[in-house]
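Here's the letter readout for the chains.
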Amino acid sequence: MGTQVANPGSAAVLDSEKDTTGIGGHPRGLTTLFFTEMWERFSYYGMRALLILYMTTAIANGGMGLDNKRAASIYAAYVGSVYLMSIPGGWFADNVLGTRMAVLVGGVLIACGHFSMALPTTVSFFAGLILIVLGTGLLKPNVSAIVGSLYSPNDPRRDAGFSIFYMGINLGAGLAPLICSYLGENISWHMGFGMAGIFMALGIVQFVAHGERLSHVGHPPAFPPETLRRNALIGSVFTALIVLTVILLYFGPQTIQDYRPAIMIGGVALGLIWLFTSYLKPEEKKPVSAIVVLFCFSVVFWAVFEQAGSSFNLFARDFTDRSVPQSIANFIRAPEFPAGWYQSVNSFFLISLAPVFSWIWLRLGTRQPSSPIKFALGLFFVGAGALVLALASSFIGISGKVGPYWLIGVYLCHTIGELLLSPVGLSTTTKLAPSRLTGLMMGVWFLSISFGNFFAGEVAGNFSRDALLGLFAKVAAGPVIAAVILVLLTPSIRKLMGKVN
Ligand code: GLN
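What counts as what
Residues numbered from 1 in each chain as written. Predicted model: local features only at pLDDT ≥ 70, side-chain atom pairs only at ≥ 80, totals over all residues. Heavy atoms only, no water. Near = heavy atom within 4 Å. Polar contact = N/O pair within 3.5 Å; in protein donor to acceptor, adjacent residues only side chain to side chain. Areas by Shrake-Rupley, 256 points an atom, 1.4 Å probe, with all protein chains shown as cover. Helix = DSSP H or I, 4+ residues; strand = E, 2+ residues; numbered from the N terminus. Nonpolar A, V, L, I, M, F, W, Y, C, P; charged D, E, K, R; others polar. Salt bridge = Lys/Arg side-chain N within 4 Å of Asp/Glu carboxyl O. Buried < 20%, exposed > 50% of the residue type's maximum accessible area, 1.4 Å probe, protein only. Axes fitted to C-alpha atoms, helices over the stretch in contact; angles between N-to-C directions. Parallel < 35°, antiparallel > 145°, perpendicular 65-115°, else oblique. Left-handed = near helix turned anticlockwise from the far one by under 90°. Phe/Tyr/Trp six-rings, centres within 6.5 Å; stacked < 30°, edge-to-face > 60°. Lys NZ or Arg CZ within 6 Å of the ring centre and 35° of its normal. Core = buried A, V, L, I, M, F, W, Y, C linked by side-chain atoms within 4.5 Å. Contact = heavy atoms within 4.5 Å.

J.: Tell me about the site of the ligand, and name the residues and values.
T.: If you check the shell around the ligand, you find Arg41, Tyr45, Tyr83, Lys140, Tyr166, Ile169, Trp302, Glu306, Glu418 and Ile449 and nothing else. Here Arg41 contributes a side-chain N or O atom positioned 2.8 Å from an oxygen atom of the ligand. Contact between the ligand and Tyr45: an oxygen atom at 2.6 Å from a side-chain N or O atom of the residue. Bound to the protein, the ligand loses 94% of the 290 Å² it would expose on its own. Counting only elements with at least two residues in the shell around the ligand, the list comes to α2 (28-56) and α7 (158-187). Looking at the shell around the ligand residue by residue, the classes come out as 6 nonpolar, no polar and 4 charged.

Given below as structure tokens:
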């Protein structure tokens, strides 16, 4: 398609700017990316809905028979690594593959990972998890980067384009647990995992079949072959080191495992010291400090939010009344609906409430709260959700189960929190990042999600009936205290942020 000019990037923008033939009057490429990410998220959340349940189900019932602590460790290592790998994944695209090829290779690895988990052996289970981690690291950051490259910075459709893309994410994430949990929990775990793979494979076929819509963007870097080879080697060694570190932290000697949180926080602290003393220019220090402060609060948010797939999922299975009327029971051929169906609730609320939030921000215009205050509100809501679960835990009583609406309330609070914090975090990071550091600062954002996921998994390790009330009360207190601290810090953060608000 492209106009033949020296700089393929500017041709891309020119082409996309004129193009209104895609979804909602957007460039055609957005349609391809919408479905690619929709099916990738389908596979991610479909499998995630089953993961902890499968690991903690007795071997006699087709599961792995692990205790909660062990299963939570594996879960945490997996979900934390998925987001951690976005950092080398983004680097690979910029320095070796280009974003389009990175998405393709990532998608193939993910599909292979799910198919590997469809086989009923322990080796294929772990091989599958590693393949998905590597594949998602390549696909997830780069598919978003391609969305960005479809628009010029001033294209008025840009933000709406990302909102449409986020809808695709949640359509996939909402649909998957309905299908995969039904198959996994009621028929066979491995059939559920396989279904995730089938949809990822369809996503790739679609990405390739409609590849011409993206042929003007996401090119590989124009380096000589020997530089590409050297970069590929550096990237692979770096990736292998990260994988080994995670394996050591989670499955290495007990002393290392005991100090895991301290080692992880220490690692980030060392990275920050290096960043501030040796890498940043003096004028970059203030905005990057603001990003670092928001990073810490973002970790707290995701550490609670991302318990959806771990402790909340266990709560759905073990302590929620999921019985259904006889007619439905006959239809689904089970007396209860699958626990994993709750995993769809967040996406359902997100799709319904996103337009409400856009309307509120539009109405408030310049009167809307600053980014740190929206962040604090997000933290408050995620804390409120955990408080609902703490309350529910206190009502478990003799029947051993609470009503089905408690978890819906939890996910409603969490989705409101997500809508307040997640878009703000992304856009503030991109606006604050000095232009030479945009990629690195996006990596910092993904790192906060990764750390949140690691800690969310740790919490699930303490999941047991007797500990529930105390556990969720602590989980609720963390973000609420963080929200108060953030409100107090807001004037200073706004000073660091300068003109960005
Ligand atoms: N649900 C969104 C996604 O899967 C956001 C999750 C996150 O950023 N932690 O992309």
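Structure's up, so let's keep going.
J.: Outline the pattern of salt bridges, listing residues and values.
T.: Applying the stated criterion to the full structure yields 11 salt bridges. The partner of Glu37 in a salt bridge is Lys140, and the shortest N-O contact between them spans 3.2 Å. Of the two residues, Glu37 sits in helix α2 while Lys140 sits in helix α6 (residues 122-149), which places them 103 residues apart along the sequence. What makes Glu37 buried here is its relative accessible area of 0%. When salt bridges with common partners are traced through the structure, they connect Glu37, Glu40, Arg41 and Lys140 into a single cluster.

J.: Got a sec to walk through helix α13 (residues 311-319)? Specific residues and values, please.
T.: Structural remark: α-helix, 3.6 residues per turn; residues separated by three or four positions point the same way. Buried residues dominate α13, accounting for 8 of its 9 residues. Those residues of α13 lying buried are Ser311, Phe312, Asn313, Leu314, Phe315, Ala316, Arg317 and Phe319.

J.: Tell me about the packing of helix α16 (residues 371-394) against helix α17 (residues 405-432), residues and numbers included.
T.: Think of two packed helices as two axes; the pair is described by the angle between the axes and how far apart they sit. Running from N to C, α16 and α17 cross one another at 160°; their axes reach a closest spacing of 8 Å. As the angle between them shows, α16 and α17 are arranged roughly antiparallel. You can see that α16 and α17 cross each other, and the crossing is left-handed.

J.: Explain the packing of aromatic side chains to me, using residue names and the numbers behind them.
T.: Enumeration according to the criterion identifies 32 aromatic pairs in this entry. Residues Phe301 and Trp302 carry aromatic rings whose centres are separated by 5.0 Å and whose planes lie at 90° to one another, so their mutual orientation is edge-to-face. The pair Phe301 / Trp302 is uniform in exposure class, with both members buried. Plain terms: the ring middles of Trp302 and Phe305 are 5.2 Å apart, the flat faces sit at 85° to each other, and that makes the pair edge-to-face. Taken together, the residues Trp302 and Phe305, both in helix α12 (residues 285-305) and 3 residues apart, mark about one turn of the helix. Taking the relative accessible area as the measure of exposure, Phe305 reaches 9% and is therefore buried. Across from the ring centre of Tyr250, 4.0 Å away, lies the NZ or CZ of Arg260, which sits over that ring. Lying over the aromatic face of Trp361, Lys374 brings its terminal NZ or CZ to 4.1 Å of the ring centre.

J.: Run through the nonpolar core, naming residues and quoting values.
T.: Within the largest apolar cluster, 119 residues are counted, with the highest numbers of intra-cluster contacts made by Met47, Leu51, Met55, Tyr78, Phe315 and Leu407. In this structure Tyr78 touches Tyr44, Met47, Leu51, Leu129, Ile132 and Val133, once residues within four positions along its chain are discounted. Of all hydrophobic cores here, the second largest spans 18 residues; its members include Ala111, Leu150, Met200 and Leu214.

J.: So what's going on with unusual backbone geometry? Which residues, and what values?
T.: A negative phi holds for most residues other than glycine; trans holds for most peptide bonds. We note that Arg333 has phi near 55°; this positive angle belongs to a residue other than glycine. As for its placement among the helices and strands, Arg333 is situated in the loop between α14 (326-332) and α15 (345-364). Residue Arg333 is classed as exposed on the basis of its relative accessible area of 74%.

J.: Describe the environment of Leu468, with residues and values.
T.: Of note, Leu468 is situated in helix α19 (residues 468-497). Once the C-alpha coordinates of Leu468 and Phe381 are considered, the two residues, 87 residues apart in sequence, prove to be 20 Å apart. Beyond its immediate chain neighbours, meaning those up to four positions away, Leu468 contacts Phe315, Phe319, Ser393, Ile396 and Phe463.

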